[in-house]
Structures are given as structure tokens and as C-alpha cells.
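Residues per chain are reported as follows:
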Amino acid sequence: AILGGSGVDPQIFAALPPTANAAPVAAFVGSINTRNGVDVLFQACDRVAGRGQALAVELYGESDATDPDEFDAPALDAWAARSGGVWHDRVGDVRKVWRRADICVLPARHGGGMPRALLEAAACARPLLVTDVPGPRDFVRDGVEGLVVSPGDPAALADALQHLARDAALRERLGEA
């Protein structure tokens, strides 16, 4: 499909087979800030872990500590230590992310156009977990290419993460779409 002003090269971002991860990996790619809902993702991860669900969460992106909406390295390190998550900073070749990840998650609080990470993950056959904000909601049909939850709702995000983590067949079906 061609989306005006956006796209990825399907030769570079080709569909990938499901991963062989022992625990599903949910990856976030973008600016590490509250506008992108990273704090909501932290809260949702805490809920999923509290339920005993195996799920690894990896963040890929920069954080500018001078921006009050962004997290500094100590805050990200503290989250990683508490949750078992991993912060990788900016990644040079994002295809490595989608080779490793089982789920693409973008819990944005705002609409900011079409995030390239969603296009790349979709091209690589990864299911998308997004919030109901302009851009992501226009690309992801709930239950077809991924799941759509309300923005700023850690309980709904946790439920969706857990649902995807538990169901490999669903992840594969959504990714194929």
C-alpha cells in the first residue's frame, strides 16, 4: 500500500518469521518521553510483571534530559533495574529491533502523524499495539493488524500486552495482516 508522504522499502523491511524468544519481546522505538506514553508503558509493564506474565520490554530511542517531558538516563536505568526492561538508546539499524521483537508497542498520548516505527514493524510482520490517537489509529485496525487501546491507560495497555504475550498465534496473524 502507498501512504502519501510515508513508506518503507519492502526490500529492506521484509516480512520476518516469528521469533524464537523464550519470553515475548515488546519493543518501543521513538523518543523516550511522556508524549509517547513511555511512563504509561512503564506502569503497564509493572502490572504485567505483577501478574506473573513473562514479557521483556525493550526501549530504543534517545532521551533529551533538558526536555521536561523526557526521561534522563538515571530514570531509565532505574526502570530497567526494577522491571527487567532494557534501554538501548538510539539504534543505527532498526531492522535488528524487528528481528528480535515479537510486538511493536507505541502508547502515544498524542497524534503526531504516522510514526515510521509502525510502518517498519508492520512491514516486518510484527503486530502493532498502539493507542487511539491520530496517525496510529488510522493505520492499525483493532484486531486486524494489531490492538488499539485508550491513550494514558496503563491498565488497558497491560491487558493488551498480556493478551499478545500469551498468544503466539494471534501475534502471527496480526503480523501477517
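These figures come from a predicted structure and were not determined experimentally.

Parameters and conventions
Residues numbered from 1 in each chain as written. Predicted model: local features only at pLDDT ≥ 70, side-chain atom pairs only at ≥ 80, totals over all residues. Heavy atoms only, no water. Salt bridge = Lys/Arg side-chain N within 4 Å of Asp/Glu carboxyl O. Helix = DSSP H or I, 4+ residues; strand = E, 2+ residues; numbered from the N terminus. Buried < 20%, exposed > 50% of the residue type's maximum accessible area, 1.4 Å probe, protein only. Core = buried A, V, L, I, M, F, W, Y, C linked by side-chain atoms within 4.5 Å. Contact = heavy atoms within 4.5 Å. Expected span 1.5 Å × (residues − 1). 1 Å grid on protein atoms, 1.4 Å probe; cavity = no way out; pocket = protein on both sides within 12 Å on 5 of 7 lines; lining within 4 Å. Points joined across faces, edges and corners; volume = space filled by probe spheres on them.

Within this structure, the stated rule accounts for 11 salt bridges. With a shortest N-O distance of 3.9 Å, Arg-35 and Glu-70 are connected by a salt bridge. Linking Arg-35 in the loop between β1 (25–29) and α1 (38–50) with Glu-70 in the loop between β2 (56–60) and α2 (73–83), this pair joins segments that are 35 residues apart in sequence. On the accessibility criterion, Glu-70 (15% relative accessible area) is buried. In this structure, the salt-bridge partner of Arg-51 is Asp-159, at a minimum N-O distance of 2.9 Å. Here the residue Arg-51 occupies a position in the loop between α1 and β2, and Asp-159 occupies one in helix α6 (residues 154–166), the gap between them amounting to 108 residues.

The next point concerns the nonpolar core. By size, the foremost hydrophobic cluster in this structure holds 51 residues, and its most contacted members are Leu-41, Leu-59, Trp-98, Leu-129, Leu-157 and Leu-161. Filtering out sequence-adjacent residues up to four positions away, Leu-157 remains in contact with Val-40, Leu-41, Ala-44, Val-105, Pro-107, Leu-129 and Val-149.

This next bit is on α1. Counted at 1.5 Å a residue, the expected span for α1 with its 13 residues is 18 Å, and the 18 Å between its end C-alpha atoms agrees. All of the buried residues in α1 are Val-38, Asp-39, Val-40, Leu-41, Phe-42, Ala-44, Cys-45 and Val-48. Contacts made by the buried residues of α1 are with β1, β2, α2, β4 (103–106) and α6. Immediately downstream of α1, the backbone of Gly-52 shows phi near 80°, a positive value.

Bringing the layout of surface pockets into the picture now. The gaps of empty space that remain are located by a probe, the size of a water molecule, rolled over the atoms. Here the largest pocket is characterised by a volume of approximately 510 Å³. Taken together, 22 residues form the lining of the largest pocket, with Val-29, Gly-30, Ser-31, Arg-116 and Ala-117 sitting closest to its centre. The element best represented in the lining of the largest pocket is helix α4 (residues 116–123), accounting for 3 residues.

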